[in-house]
Amino acid sequence: QVQLVESGGGLVQAGGSLRLSCAASGIIRSINDMGWYRQAPGKQRELVATITSGGSTDHADSVKGRFTISRDNAGTPMYLQMNSLKPEDTAVYYCNARGIIAGTRVVSWGQGTQVTVSS
């Protein structure tokens, strides 16, 4: 299957930047779409951005103009460039991958990386 590992999280002041990475291993060619989700304390996990195998991207309204999702030509790693960070961006960020293995749809999640933005 597919294994995902996030990295790049940390503590940053408001207005600063961070770049998250998601490295995929396993059956890489099975991955079609990938995305970033986040979960803040006391809240449900929410979608941040997605990118398709064709390179099309979509970003949540709350991060448009500040965050940019991208993907290596080989499909991995995937990145999330985060600029103009706000305290409300504080959350655990998770990498997600969706694909098909042996004719069956598979969804994979990373373990998450903490992003903390101080005011």
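Above this note sits the structure.
Given the structure is predicted, the values throughout are model-derived calculations rather than measurements. (Residues numbered from 1 in each chain as written. Predicted model: local features only at pLDDT ≥ 70, side-chain atom pairs only at ≥ 80, totals over all residues. Heavy atoms only, no water.)

What follows covers the state of the cysteines. A complete count under the given rule lists 1 disulfide for this structure. The disulfide that involves Cys 22 links it to Cys 95, with 1.9 Å between the sulfurs. On the S-S bond that ties Cys 22 to Cys 95, the torsion sits near -75°, and the link is left-handed. Taken together, the positions of Cys 22 in strand β3 (residues 18–26) and Cys 95 in strand β9 (residues 91–101) put the pair 73 residues apart, joining distant regions of the chain. Judged on exposure class, the residue Cys 22 and its partner Cys 95 are both buried. (Disulfide = S-S within 2.5 Å. Helix = DSSP H or I, 4+ residues; strand = E, 2+ residues; numbered from the N terminus. Buried < 20%, exposed > 50% of the residue type's maximum accessible area, 1.4 Å probe, protein only.)

Working definition: two side chains of opposite charge can pair if their charged atoms are close together. Taken as a whole and assessed by the stated rule, the structure comprises 4 salt bridges. Asp 89 is the partner of Arg 38 in a salt bridge, and the nearest nitrogen-oxygen pair spans 3.0 Å. Of the two residues, Arg 38 is situated in strand β4 (residues 31–39) and Asp 89 in the loop between β8 (78–82) and β9; the sequence distance between them amounts to 51 residues. In terms of burial, Arg 38 and Asp 89 fall into one category: buried. For Lys 64, the salt bridge identified is with Asp 61, shortest N-O distance 3.3 Å. Taking the relative accessible area as the measure of exposure, Lys 64 reaches 47% and is therefore partly exposed. It is possible to trace a salt-bridge network through shared partners that takes in Arg 38, Glu 46, Arg 66 and Asp 89. (Salt bridge = Lys/Arg side-chain N within 4 Å of Asp/Glu carboxyl O.)

Core analysis: the largest hydrophobic core is formed by 26 residues, its most contacted members being Met 34, Trp 36, Leu 80, Met 82 and Tyr 93. Of all the elements in the fold, those that place two or more residues in this core are β1 (2–7), β3, β4, β5 (46–51), β7 (67–71), β8, β9 and β11 (113–118). In this structure, Tyr 93 is in contact with Glu 6, Leu 20, Trp 36, Tyr 37, Arg 38, Val 48, Phe 67, Leu 80, Met 82, Gly 112, Thr 113 and Val 115, ignoring residues within four places of it in sequence. (Core = buried A, V, L, I, M, F, W, Y, C linked by side-chain atoms within 4.5 Å. Contact = heavy atoms within 4.5 Å.)

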